[in-house]
Amino acid sequence: MPQVKFFVNGKQRTVSADPNTPLLWVLRESLGLTGTKYGCGQGLCGACTVHVNGEATRSCVTTLDLAEGKRVVTIEGLASNVQNPLLRAWIAEEVSQCGYCQPGQILSAAALLARKPNPSDSEIDEAMAANLCRCGTYPRIRRAIHRTTQEGGRR
Amino acid sequence: MNTTSSIITRREFVKVVSIAGGGLVLGFYLPSKEEALLPEMVPTTSLAPNAWLRVDRNGIVTVTVARSEMGQGVQTSLPMIVAEELEADWSSVRIEPAVVDPKYGDMTTGGSRSIRSNWLPLRKAGATAREMLVAAAADTWKVDRATCRAENGAVLHPTTNRKLSFGQLAEKAALLPVPSDPPLKKPDQFRIVGRSVPRLDSVEKVKGNAIFGIDMTLPDMLVAVIARCPTLGGKVKSFDASKALAVTGVRQVLQVESGIAVVAESTWAAMRGREMLSVAWDEGPNNTLSSADIEKIFEEKSKQEGLAVRKEGDTAAAFTSAAKRLSAIYTVPFLAHATMEPMNCLVHVRETEAEVWAPTQSPQWSQRAVAGVAGLPLEKVKIHTTLLGGGFGRRLMWDYTAEAAEVSKRIGRPVKVVWNREDDMQHDYYRPASYHRMEGALDSEGRLTSWAHHVVAPSISAQLFPNQPRQGPPDAVDGAAQLPYAVPNILIDYVMANTPVPIAWWRSVYNSQNPFANECFIDEVAVAAAKDPYEFRLQLLPPASRLRAVLELAATKAGWGKALPSGKGRGIACHACFGSFIAQVAEVSIKKEGSVKVDRIICAVDCGQVVNPDTVKAQIEGGVIFGLTAALKGEITIKQGRVQQSNFDDYELLRFDETPTVEVHIRTSAEEPTGIGEPGVPPVAPAVCNAIFAATGKRIRRLPILDRS
Ligand code: FES
Ligand code: FES
């Protein structure tokens with residue numbers, strides 16, 4: 001098996017696996033990072049969203065070889081900072097219902113805020129439109145994003 | 001199942017369960033106050049506690065209740081009820097999932113019953129523990145117990161300013177007699193119930209360490225995916241596994257009841273292996289079936305006279321003498337549940353016992369199914385309910401647990417069977433399609449004199465349990481038979497029209513379709529009577545009715561009657577179900593190209609005493625969005641016996657940018673709590689369709705609204 005080296009949540013990892021394996025399954029099963037979820041396997045739902053070099057990326061349609069040498073951040077990495085304002089906003093707004101889609105939602109929102117610290121509603125729409133939530137938490141996701149930017153503004 | 005068990009009178013009780021050094025442990029029984037979904041859902045053989053409350057020496061209060069957490073917040077709301085009566089310090093309250101044992105009562109999570117059936121028993125359990133802790137303190141201090149009181153995790157003796165924590169008192173309390181009728185608090189004394197307490201599962205869910213079924217692993221575990229016949233009711237004819245077995249990581253390929261299982265070291269290897277399988281299918285008898293055939297079946301059946309489930313006055317005579325007659329056909333399609341976490345289950349079947357980790361709403365049905373497949377007695381099957389990545393009724397079914405047990409038994413290893421999205425979409429138990437013929441009559445004053453609703457639909461109970469005749473009215477008229485309006489002549493009747501499409505419960509069940517027909521048609525009738533649809537409904541609802549009160553609240557909050565710019569419309573609908581009352585006003589905009597945008601949904605709900613207001617709001621918001629997906633987009637179609645949709649590109653869910661503002665107004669009530677998981681769904685489709693009519697003059701009588709063709 002060929003080896004692929006990349007960084008996951010700041011640590012260098014070496015994985016021996018078929019380079020065509022979707023990053024999703026490598027994260028979940030080779031590295032035990034189950035916060036990244038499988039929802040559709042086709043890039044249609046956003047449950048598997050991670051950051052690759054800071055960009056929100058669908059890990060179910062990103063093969064392992066594409067991660068070679070890159071920096072991957074999963075929800076576990078984002079959450080290692082307990083003070084992360086996005087997570088605090090998510091908790092304050094009680095966004096999660098079943099919670100299954102939320103890691104992907106949070107990573108999509110984090111990538112947006114990294115690009116645009118003060119997004120307009122239509123920019124939020126655009127960034128979040130491809131993350132599905134069957135429980136219907138969208139209104140609270142919007143509120144949590146607004147809350148993050150407002151708190152960020154006050155600091 | 002021991003049938004003599006049913007003669008035991010099922011009453012709630014509380015008793016001390018001794019666990020050495022465990023502090024105060026009370027076991028209690030939570031009866032199912034509501035009718036079980038089906039008769040066989042009450043499999044209890046003896047009276048044993050099915051819930052526990054433990055106060056340990058550190059004052060930590062642990063509540064063990066077997067209700068599945070699928071996003072509805074039960075694992076916060078149920079302990080809140082206990083903590084209220086116990087006078088616990090909320091920050092020391094924990095919840096522990098129960099492991100299923102056949103001697104416990106109904107543990108099913110469905111029918112929006114978790115709060116309403118557990119409200120009183122949980123309060124009594126908390127009050128019992130509180131009384132015992134107070135008694136233990138009074139005894140320690142040798143004072144009259146009436147001079148002591150419990151507060152925030154401790155017992156106080158205010159006159160001497162003494163205080164003992166629950167932790168200090170727990171062991172002593174455990175030795176005291178159990179009071180039979182502990183006093184319950186009055187609603188105005190509540191300090192936890194009625195407050196928006198943060199959910200206990202929020203933190204783990206946003207940090208990504210919440211464990212769902214699909215995240216479970218065991219040492220030695222393998223993963224399987226199953227190739228299933230794409231045709232409804234088809235089977236495997238033959239298969240060739242050689243290429244699949246050549247995929248790195250694939251261990252074994254075997255034929256099971258539901259298809260061909262590819263067992264591998266990882267999910268991806270199993271999925272890859274399945275792609276390399278070649279299977280010849282025996283497509284079975286349904287391989288020409290199409291959605292058009294099913295519509296024809298419904299139309300044919302609609303000509304039959306139905307079973308009258310509600311008959312008042314004489315509709316036929318009223319129609320004959322009417323000044324105006326209306327009739328309309330409403331239809332709805334099959335729908336998939338599409339939980340974000342697809343079906344999956346981890347099972348380890350050993351020689352003499354089996355252990356199951358399942359995201360399930362019905363641990364007991366799964367237990368029975370696994371026991372059957374594994375050939376084990378019920379009590380040798382242990383079920384651990386994991387978190388559920390959505391349920392909506394899909395996870396009341398036990399197909400995916402039984403299937404995993406079969407694979408594990410055959411390979412002699414723990415195995416997790418994972419469904420991919422396509423499996424999940426194409427092998428669901430769908431929300432039934434249905435056909436509704438509505439007839440209304442008006443007299444010369446524009447009064448509604450007659451109402452007939454002829455329901456043609458498959459029956460979930462008849463299709464799932466063909467050998468168990470249903471008690472009571474047919475399931476498929478739920479939400480039709482309870483027409484809330486005062487009409488002198490009413491006929492609600494039903495023709496069963498079963499099809500080969502597998503069906504089961506879907507959030508709000510038949511209340512997802514019957515009220516659509518009711519609430520759209522009453523709008524048609526109001527317009528025919530030249531009345532305002534809201535005023536028209538009000539006149540038909542008794543003055544003291546709770547439904548009327550929420551209708552008024554929703555209309556007021558929405559500014560009913562205020563003019564809207566052209567291209568916009570407002571529609572209203574209301575419905576009573578799962579014990580609750582709900583009304584919604586929808587506001588829509590019609591774009592130039594004719595596309596519809598839902599701008600706002602204003603909801604008013606009365607669900608009795610509210611335990612956690614924020615959770616109630618979240619459930620209604622979620623219900624509205626779930627209902628909007630169905631109203632606007634949801635449709636499962638059949639062609640050549642196959643479900644045509646397979647993933648989120650052809651079975652679309654409502655998206656973030658399409659979501660309207662959802663406002664939820666709760667009507668204060670001191671009545672007992674009632675269901676909240678499902679009532680948000682039913683009024684959405686009719687409110688939106690009525691709004692579209694108001695904006696365009698076009699009636700929508702067939703869902704989904706956005707017809708792709
Ligand atoms: S699982 Fe990757 S987008 Fe759905
Ligand atoms: S919270 Fe359940 S799918 Fe989003």
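Counting from 1, residues in each chain are numbered in the order their sequence is written. In the order they appear in the text, chains get letters beginning with A and ligands get numbers beginning with 1. Confidence filtering applies because this is a predicted model: local features only for residues at pLDDT of at least 70, side-chain atom pairs given and counted only at 80 or more, and all residues used for totals across whole chains, interfaces and linings. To obtain the side-chain values, all non-hydrogen atoms of the structure were used and water was disregarded.

Describing the overall build of chain A
Along chain A, the regular secondary structure elements total six helices and five strands. Of the regular secondary structure in chain A, the N- to C-terminal order runs β-β-α-β-β-β-α-α-α-α-α. A radius of gyration in this sense is built from C-alpha atoms; the matching globule rule multiplies 2.2 Å by the number of residues raised to 0.38. Taking 2.2 N^0.38 as the reference for a compact globule, 155 residues should give roughly 15 Å; the C-alpha atoms of chain A span a radius of gyration of 15 Å, in line with that estimate. C-alpha extents for chain A along the principal axes are approximately 50 × 30 × 25 Å. The criterion used for residue contact is that any of the two residues' heavy atoms lie within 4.5 Å. Across chain A, every contact between residues at least 6 apart in sequence was considered, and the portion connecting residues at least 24 apart equals 56%. Measuring between centres, the 18 positive side-chain charges of chain A sit 5 Å from its 13 negative side-chain charges. Numbering goes from the N terminus for both helices and strands, where a helix is a DSSP run of H or I of at least four residues and a strand is a run of E of at least two. Charge assignment in this entry is limited to Lys and Arg as positive and Asp and Glu as negative, and neither His nor the chain termini are counted. For the purpose of locating charges, the reference atoms are NZ of Lys, CZ of Arg, CG of Asp and CD of Glu.

Notes on the overall build of chain B
Across its full length, chain B holds 17 helices and 29 strands. What you see for chain B is a C-alpha radius of gyration of 27 Å, in line with the 27 Å of a compact globule of 709 residues. With respect to the three principal axes, the spread of C-alpha positions in chain B is 80 × 70 × 50 Å. In chain B, which comprises 709 residues, the share counted as buried stands at 62%. When a residue's accessible area, from a 1.4 Å probe over protein chains only, is under 20% of the maximum for its type it is buried; when over 50% it is exposed; and in between it is partly exposed.

Focus on the nonpolar core
Side-chain atoms within 4.5 Å are what join buried Ala, Val, Leu, Ile, Met, Phe, Trp, Tyr and Cys residues into a set we call a nonpolar core. Counting 180 residues, the largest nonpolar core has Trp90 of chain A together with Trp505 and Val688 of chain B as its most contacted members. In terms of residues, this core owes the most to one element, helix 16 (residues 613-632) of chain B, which gives nine residues. Discounting residues that sit within four places of it in the chain, Trp90 of chain A has contacts with Val95, Gln102, Gln105, Ile106, Ala109, Ile141, Ala144 and Ile145 of chain A together with Val206 of chain B. In terms of nonpolar packing, the next biggest core, distinct from the first, is built from 45 residues, Leu24, Val74, Leu133 and Ala174 of chain B among them.

What about the domain arrangement of chain A?
Residue and element names in this part refer to chain A. Residue ranges labeled as domains rest on an automatic or database domain assignment. Annotation of chain A at the domain level lists domain 1 (3-78) and domain 2 (81-150). Taking only C-alpha atoms into account, the centre of domain 1 sits 20 Å from that of domain 2. Counting residues at the interface gives 18 residues for domain 1 and 14 residues for domain 2. For the pairing of domain 1 and domain 2, the buried interface totals around 1300 Å² over both sides, and the portion due to carbon and sulfur atoms is 61%. Here, a salt bridge means any Lys or Arg side-chain nitrogen found within 4 Å of an Asp or Glu carboxyl oxygen. Linking domain 1 with domain 2 are zero salt bridges. N or O atoms within 3.5 Å of each other form a polar contact, as long as, within protein, one can give a hydrogen and the other can take it, and as long as residues adjacent in sequence are counted only when both atoms are side-chain atoms. Summed over the shared surface of domain 1 and domain 2, the result is five residue pairs in polar contact (both at pLDDT 80 or more). Accessible surface is computed with a 1.4 Å probe, and the buried area is the amount of it that two parts give up when combined, taken over both parts together.

Looking at helix 13 (residues 514-528) of chain B
The length a helix should cover is 1.5 Å for every residue beyond the first. For helix 13 of chain B, spanning 15 residues, the distance from its first C-alpha to its last is 21 Å, which sits close to the expected 21 Å at 1.5 Å a residue. Just beyond helix 13 of chain B, the residue with positive phi is Ala530 of chain B, at close to 55 degrees.

Observations concerning the sheet that holds strand 15 (residues 307-312) of chain B
Adjacent strands of a sheet pair through backbone hydrogen bonds, lying either parallel or antiparallel. Residue and element names in this part refer to chain B. Here, any two strands with at least 2 DSSP bridges between them count as paired. If you trace the five strands from one edge of the open sheet to the other, you get 15-23-22-21-16, paired in mixed fashion. Every interior strand has two partners, whereas the edge strands, strand 15 and strand 16 (324-332), have only one. With direction set aside, neighbouring strand axes in the sheet form an average angle of 10 degrees. Relative to strand 23 (residues 489-496), strand 15 runs antiparallel, the two being bridged by five bridges. The axes are straight lines fitted to the C-alpha atoms, using for helices just the contacting stretch, and the angles between their N-to-C directions are given from 0 to 180°.

Thoughts on the interface of chain A and chain B
Across the contact, 48 residues belong to chain A and 56 residues belong to chain B. Carbon and sulfur atoms make up 60% of the surface buried where chain A meets chain B, a total of about 4300 Å² over both sides. Applying the counting criterion to the chain A and chain B interface returns four salt bridges. Two residues, Asp215 of chain B and Lys37 of chain A, come together in a salt bridge whose shortest N-O distance is 2.6 Å.

A few points about the layout of surface pockets
Residue and element names in this part refer to chain B. The calculated volume of the second largest pocket comes to roughly 770 Å³. Looking at the second largest pocket, it is lined by 29 residues, and the ones nearest its centre are Gly234, Glu257, Ser258, His427 and Tyr429. Broken down by element, the lining of the second largest pocket gets its largest block of residues, four residues, from helix 10 (residues 399-411). Residue polarity is assigned by list, with Asp, Glu, Lys and Arg as charged and Ala, Val, Leu, Ile, Met, Phe, Trp, Tyr, Cys and Pro as nonpolar; anything else, Gly included, falls into the polar class. Residues of the lining of the second largest pocket, tallied by class, amount to 12 nonpolar, nine polar and eight charged. Think of a 1 Å grid over just the protein atoms. A cavity is a set of points where a 1.4 Å probe fits yet cannot get out, a pocket is an open set with protein on both sides within 12 Å along at least five of seven lines, and lining residues have an atom within 4 Å of a point. Grid points are joined across faces, edges and corners, and a volume is the space filled by probe spheres set on the points.

Considering the packing of aromatic side chains
Two aromatic rings are characterised by how far apart their centres lie and by the angle between their planes. Two rings from Phe, Tyr or Trp (for Trp, the six-membered ring) form a pair when their centres sit within 6.5 Å of each other. Planes less than 30 degrees apart are called stacked, planes more than 60 degrees apart edge-to-face, and all others tilted. Summed over all chains, the structure comprises 13 aromatic pairs over all chains. Residues Trp365 of chain B and Trp398 of chain B carry aromatic rings whose centres are separated by 5.1 Å and whose planes lie at 90 degrees to one another, so their mutual orientation is edge-to-face. On the criterion of sequence distance, the pair formed by Trp365 of chain B in helix 9 (residues 363-374) and Trp398 of chain B in the loop between strand 19 (381-385) and helix 10 is long-range, its members being 33 residues apart. On the accessibility criterion, Trp365 of chain B (4% relative accessible area) is buried. An aromatic cluster of at least three residues, connected via ring pairs, comprises Trp365, Trp398, Phe465 and Trp505 of chain B. Sitting over the face of the ring of Phe392 of chain B, Arg134 of chain A holds its NZ or CZ atom 6.0 Å from the ring centroid. Comment: the charge-over-ring label is applied if NZ (Lys) or CZ (Arg) is within 6 Å of the ring centre and within 35 degrees of the ring normal. Arg431 of chain B extends its terminal NZ or CZ atom over the ring of Trp506 of chain B, reaching a point 5.5 Å from the ring centre.

Considering the pattern of salt bridges
Residues and elements named next belong to chain B. A complete count under the given rule lists 52 salt bridges over all chains for this structure. Across the pair Glu341 and Arg395 runs a salt bridge whose closest N-O atoms are separated by 3.4 Å. Of this pair, Glu341 sits in the loop between strand 16 and strand 17 (344-349) while Arg395 sits in the loop between strand 19 and helix 10, placing them 54 residues apart in sequence. Comparing Glu341 with Arg395, the two get one shared label, buried. The shortest N-O distance in the salt bridge between Arg600 and Glu663 comes to 3.0 Å. One end of the pair, Arg600, is in strand 26 (residues 596-606); the other, Glu663, is in strand 29 (residues 661-666), and 63 residues separate them in sequence. Assessed through its relative accessible area of 23%, Arg600 is described here as partly exposed.

What to know about the pairing of strand 23 of chain B
All names here are of chain B. By the criterion of burial, strand 23 is predominantly enclosed, with six of the eight residues buried. Here strand 22 (residues 448-457) pairs with strand 23 via eight bridges, running parallel. Across the sheet, the residue bridging to Trp451 is Ile490, located in strand 23.

So, the pairing of strand 10 (residues 222-227) of chain B
Two faces, one strand: in a regular strand the side chains alternate between the faces of the sheet. Residue and element names in this part refer to chain B. Burial analysis of strand 10 places six of its six residues in the buried class, the great majority of the element. As judged from the three bridges shared by strand 10 and strand 20 (residues 415-418), these two strands associate in the parallel manner. Along strand 20, the bridge assignment pairs Val223 with Lys416. Examined bridge by bridge, strand 10 and strand 13 (residues 259-264) share five bridges and lie antiparallel to one another. Bridging across to strand 13, Val225 finds its partner in Val262.

Regarding unusual backbone geometry
Of note, the amide linkage connecting Leu703 of chain B to Pro704 of chain B takes the cis form, showing an omega dihedral of 0 degrees. Checked against the element boundaries, Pro704 of chain B lands in the segment after helix 17 (684-696). The phi dihedral of Glu94 of chain A is positive, around 50 degrees, even though this residue is not glycine. Residue position: Glu94 of chain A is located in the loop between helix 3 (85-92) and helix 4 (102-115). The exposure class assigned to Glu94 of chain A is buried, which follows from its relative accessible area of 9%. The phi dihedral of Asp220 of chain B is positive, around 80 degrees, even though this residue is not glycine. Structurally, Asp220 of chain B is set in the loop between helix 4 (202-207) and strand 10.

Comments concerning empty space enclosed by the protein
Residue and element names in this part refer to chain B. Applying the stated criterion across every chain, the model contains seven cavities of 30 Å³ or more. Within this model, the largest cavity holds a volume of roughly 530 Å³. Taken together, 40 residues form the lining of the largest cavity, with Gln72, Ser112, Gln619, Ile676 and Gly677 sitting closest to its centre. Sorting the residues of the lining of the largest cavity by element identifies helix 1 (74-86), helix 2 (114-141) and helix 16 as the ones contributing at least two each. Grouping the constituent residues of the lining of the largest cavity by class yields 16 nonpolar, 20 polar and four charged.

Observations concerning the sheet that holds strand 9 (residues 162-165) of chain B
All names here are of chain B. Taken in spatial order, the three strands line up as 7-8-9 in an open sheet, and their pairing is antiparallel. This sheet does not close on itself; its edge strands, each paired only once, are strand 7 (149-151) and strand 9. Adjacent strand axes in the sheet meet at a mean angle of 30 degrees, parallel and antiparallel pairs treated alike. One ladder, built from four bridges, connects strand 8 (residues 154-157) with strand 9; its direction is antiparallel. Bridging from a neighbouring strand, His157 pairs with Arg162 of strand 9. The strands touched by helix 2 are strand 7, strand 8 and strand 9; relative to strand 8, the strand with the most contacts, the crossing angle is about 45 degrees.

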